[in-house]
Amino acid sequence: MGKALIIGCGGVASVAIHKCCQNSAVFEEICIASRTKSKCDALRDKLSGTTATKITTAQVDADDVNQLIALINEVKPDLVLNLALPYQDLTIMDACLATGVHYVDTANYECENTDDPAWRAVYEKRCAEKGFTAYFDYSWQWAYEEKYKEAGLTALLGTGFDPGVTSVFAAYALKHYFDEIHTIDILDCNGGDHGYPFATNFNPEINLREVSANGSYWENGHWVETEPMAIKREYDFPQVGKKDMYLLHHEEIESLAKNIPGVKRIRFFMTFGQSYLTHMKCLENVGMLSTTPISFQGQEIVPIQFLKALLPDPATLGPRTVGKTNIGCIFTGLKDGKEKTLYIYNVCDHQECYKEVGSQAISYTTGVPAMIGAMLVMNGQWRRPGVFNTEDFDPDPYMEALNQWGLPWVVCEDPELVD
Ligand code: NDP
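Everything numeric in this text was worked out from a predicted model, so none of it was measured. (Residues numbered from 1 in each chain as written. Predicted model: local features only at pLDDT ≥ 70, side-chain atom pairs only at ≥ 80, totals over all residues. Heavy atoms only, no water.)

> Which residues make up the site of the ligand, and what values go with them?
Looking at the ligand, there are 28 residues lining it, with Arg35, Thr36, Lys39, Ala62 and Asn203 nearest. Between the ligand and the protein, one listed contact pairs an oxygen atom with a backbone N or O atom of Gly11 at 3.1 Å. Surface burial for the ligand is 93%, taken as the share of its 930 Å² of free accessible area covered by protein chains. (Near = heavy atom within 4 Å. Polar contact = N/O pair within 3.5 Å; in protein donor to acceptor, adjacent residues only side chain to side chain. Areas by Shrake-Rupley, 256 points an atom, 1.4 Å probe, with all protein chains shown as cover.)

Laid out in structure tokens, this is it:
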């Protein structure tokens, strides 16, 4: 059916690329382009001969719009799937606009240099106006709405698991089970164990920036912000068991608050073990999570980027990680005038993922929905001019594809609620 240019070749991209190659009827051709071309070549060599998808590779610095434009003009893809880092979202969106190509990603824009005065001014205004202090938000990418509309192009934002599948679960619940959704609790549980004292399951820099930040939730039309990890609950996750989970700020809260009419409260919880939290606090206390460059022996280094170099590469955790993830949403609301509750979730087994695509479940649960989002834009089912989140489209084809491509989901109409 078409050709995709996939930018980035890390943990998530590796899974998405495996899945595109399983789906060669849609992804007839892919070009894998990243900063380090050798990683793209290694993946191409691993997959060639196992798939009908034609794979080419390229080197690109996705911070550079002109390089991106030149690459897109050379490859001539139908869409670009951005699986690099959130820092590159805007340059890649600009390049797609300049070349007339659809855009898909899994995480909203975040500024790499949070000390940049121009960015800081916009950020501080937003903190004051909106009431949450996360470094990432949708305003930067939603601002492309008119440009994408005029160009007749689709930008699909945040088609990972959370965001991505969680928002599709919300759209599906609203379409099939509720007249009104009043509360949404998004629960992200990783019951896996990789055996290291400390490692992150996806890009350490992005992950640690996210979990060390203030928590926040949406309630009655505004944000409520908390100290990091200030709200803790225990939950008994189906197929995983009891885990401690903590309230975090998370990007889909912002889009669901805008897109689910009448929603009164949206919270996001993620499970962490005590050892992870103690390590993180210690690293934070000594300044290792800082994004501000320091001078070290005549060289400028960013502490969190140096830490990333020390920590295990998330892409190597696959063989050692055992256990399961359970990610889903609990909804409460009304149907036919009666109160209703619903829990939709997926359970994923780290070792099963490893056997299938050579990655642990965190990369798997993000890479599969990235392929699905790209597929639905490519085949026209989710193609409309403008900038969209996953809850903006008909959830049914996406839900069907989750079952088909390795992330089957469960609907439970009598779940334990989170107080
Ligand atoms: P990795 O760090 O494993 O991979 C990132 C890739 O992007 C690497 O191949 C890296 O190249 C490449 N890259 C980074 N900067 C550039 C650049 N300037 N130009 C070209 N390539 C570049 O990250 P993950 O795979 O863990 O995460 C990928 C994305 O998925 C992130 O945006 C993350 O936030 C998102 N994500 C979303 C989730 C969701 O559920 N929605 C969950 C988990 C992740 P190099 O190899 O040279 O470093």
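And the narrative resumes.
> Can you break down the sheet that holds strand S2 (residues 27-34) residue by residue, with the values?
The seven strands are arranged S3-S2-S1-S4-S5-S6-S17 in an open sheet whose pairing can be described as parallel. Two strands bound the open sheet, and with one partner strand each, they are strand S3 (54-59) and strand S17 (386-389). The sheet shows a mean angle of 20° between the axes of neighbouring strands, taken without regard to direction. Across six bridges, the pairing between strand S1 (residues 2-7) and S2 is parallel. The residue bridging Lys3 from the neighbouring strand is Glu29, located in S2. Sitting on the sheet, helix H2 (residues 37-47) is in contact with S2 and S3, with an inclination near 170° to S3. The strands touched by helix H14 (residues 361-378) within the sheet are S1, S2, strand S4 (79-82), strand S5 (102-105) and strand S6 (154-157), with S4 carrying the most contacts at an inclination of about 165°. (Pairing = 2+ DSSP bridges. Helix = DSSP H or I, 4+ residues; strand = E, 2+ residues; numbered from the N terminus. Axes fitted to C-alpha atoms, helices over the stretch in contact; angles between N-to-C directions. Contact = heavy atoms within 4.5 Å.)

> Kindly report on the environment of Glu219, identifying the contributing residues and their values.
In this fold, Glu219 is placed in strand S8 (residues 215-219). Given a relative accessible area of 27%, Glu219 falls into the partly exposed group. A C-alpha to C-alpha distance of 4.4 Å links Glu219 and Arg265, two positions 46 residues apart in sequence. In this structure Glu219 touches Val224, Lys264 and Arg265, once residues within four positions along its chain are discounted. (Buried < 20%, exposed > 50% of the residue type's maximum accessible area, 1.4 Å probe, protein only.)

> Which residues make up the nonpolar core, and what are the values?
Counting 94 residues, the largest nonpolar core has Phe27, Ile30, Phe169, Ile184, Leu208, Phe331 and Ile372 as the members making the most contacts within it. Of the residues forming this core, the biggest block, eleven residues, is contributed by H14. Here Ile372 is in contact with Tyr398, Ala401, Leu402 and Trp405, once residues within four sequence places are set aside. Core analysis: the second largest hydrophobic core is formed by 32 residues, Leu68, Ala95, Tyr138 and Val387 among them. (Core = buried A, V, L, I, M, F, W, Y, C linked by side-chain atoms within 4.5 Å.)

> Describe in detail the pattern of salt bridges, supporting the description with residues and values.
Evaluation of the coordinates by the stated rule reveals 22 salt bridges. The shortest N-O distance in the salt bridge between Lys130 and Glu254 comes to 3.4 Å. Taken together, the residues span a long stretch of sequence, with Lys130 in helix H5 (residues 117-130) and Glu254 in helix H10 (residues 251-259) at a distance of 124 residues. Overall, Lys130 belongs to the partly exposed group, its relative accessible area being 35%. (Salt bridge = Lys/Arg side-chain N within 4 Å of Asp/Glu carboxyl O.)

> Give me unusual backbone geometry: which residues, what numbers.
For the peptide bond that leads from Asp162 to Pro163, omega is 10°, which places it in the cis range. As for its position among the elements, Pro163 is in the loop between S6 and helix H8 (165-176). A positive phi angle is found at Gln297, which is not glycine, with a value near 45°. With respect to the secondary-structure elements, Gln297 resides in the loop between strand S13 (294-296) and strand S14 (299-301).

> Please give an account of the side chain of Thr53 that cites residues and values.
Positionally, Thr53 belongs in the loop between H2 and S3. One polar contact links the side chain of Thr53 to the main-chain carbonyl oxygen of Phe27, over a distance of 2.9 Å. Residues within four places of Thr53 in sequence aside, it is in contact with Cys20, Cys21, Ser24, Phe27, Glu28, Glu29 and Ile30.

> Go over the packing of aromatic side chains, please, and point to the residues and values.
Scanning all chains against the criterion turns up 21 aromatic pairs. Ring geometry for Tyr235 and Phe237: centres 5.1 Å apart, planes at 65°, overall edge-to-face. The exposure classification of Tyr235 matches that of Phe237, with both residues buried. A centroid spacing of 5.2 Å and a plane angle of 25° characterise the contact between Phe272 and Tyr276, whose relative ring orientation is stacked. (Phe/Tyr/Trp six-rings, centres within 6.5 Å; stacked < 30°, edge-to-face > 60°.)

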